Amino acid sequence: MNIVSEKIKSHYDTLPASERLVADYVLENKDALFQHPIKELATLSGTTQAAWTRFAQAIGYTGLKDLKNAYYAEANTTLEQTDKGGPKIAFKDVNEYTSLQSIADNICATSVQAVQTTYRLFDAGTFSETVSDIVKAKQIQVFGVGTASVAAYDLYCKLRRIHYNVVFNHDHHMNLMTVSQIGPEDAAIFFSDNAKNTEIMQLFSIAKERKAVTIAVTKLGNNALTTGCDHVLFATSPEIDKKSGITSSRFAQLFIVDTLYTAIANRDYENIKGYLKSSYDVFHDTARE
């Protein structure tokens, strides 16, 4: 998966007309970035040098040089992965596999790429701010529907282990009751593959109205969830068929959960180390019996 291209597509609808022309040119002529200086790129794309600079900054880079470096790094990473000879992603529907080996190869490839792609989208600054707000929250409410509830429940269990005041429910009516009591000192974390899930968006709207800190773990893209939340942690996976996409997205979300939990425990270690030891001792003693 090309992260730079994904960033361009996710910001495309919010770009001004001149910067959309740059985006169109880059998506269709990526190699031209390395063949022409910015003055010639402006002419070829029918825009200006300033539009190119603004475009690069709008999608998260300091300038054209930074954008080129990102593309170059991606190209090298792709070549390295190809040279290693590992399983390759085949874009098939579930009824098109010819062997159990091909199924295992494809699931392995999509799962690995989901984690790698999510890792490459990692933003240390956003993560640090998210961790700070979770650590100081009076109560943490975690929401996830369908397959996204797997990662949501995993985070709930991890935070319970270190004695955080965290709430999770599978039932939507219980979620509505919970979120109706949320306040400015609380944090709400939403796990969702997209912003089309009406239950998640209803819960998000209520949490936002009540001025709670809102955090999304979701796919890359501009939508009501990613633009409305205070913090967004992107968990992106390869799109093959609906079944495979769901499977790999779970691995991407669990990567975010493990990273988030470890960062929280690290930040708040002096306060939670006793709970870590107590839970370890209880399970260790139970296993011996």
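Predicted, not measured: the structure shown is a model, and the values here were computed from it.

Conventions used here
- Residues numbered from 1 in each chain as written.
- Predicted model: local features only at pLDDT ≥ 70, side-chain atom pairs only at ≥ 80, totals over all residues.
- Heavy atoms only, no water.
- Helix = DSSP H or I, 4+ residues; strand = E, 2+ residues; numbered from the N terminus.
- Contact = heavy atoms within 4.5 Å.
- Pairing = 2+ DSSP bridges.
- Axes fitted to C-alpha atoms, helices over the stretch in contact; angles between N-to-C directions.
- Salt bridge = Lys/Arg side-chain N within 4 Å of Asp/Glu carboxyl O.

1. Observations concerning the environment of Phe143
Tracing the chain through its elements places Phe143 in strand E1 (residues 140–144). As a C-alpha pair, Phe143 and Tyr156 span 13 residues in sequence and 9.4 Å in three-dimensional space. Apart from the residues lying within four places of it in its own chain, the contact partners of Phe143 are Ala152, Asn175, Val179, Ala188, Ile189, Phe190, Phe191, Ile200 and Leu203.

2. As for the sheet that holds strand E4 (residues 213–218)
Here five strands make up an open sheet; going across it, the order is E2-E1-E3-E4-E5 and the pairing parallel. The open sheet terminates on both sides in strands that have one partner only, identified here as strand E2 (166–168) and strand E5 (231–234). Across the sheet, the axes of successive neighbouring strands diverge by a mean angle of 15°, strand direction being ignored. One ladder, built from five bridges, connects strand E3 (residues 187–191) with E4; its direction is parallel. Opposite Ala188, over in E4, you have Thr214 as the bridge partner.

3. Quick notes on the pattern of salt bridges
Throughout the structure, instances matching the rule amount to seven salt bridges. Here Asp133 ties to Lys136 by a salt bridge, and the two come within 3.4 Å at their closest N and O atoms. Taken as a pair, Asp133 and Lys136 lie in helix H7 (residues 124–136) at a separation of three residues, close to a single helical turn. A salt bridge links Asp258 to Lys158, with the shortest nitrogen-to-oxygen separation between them at 3.5 Å.

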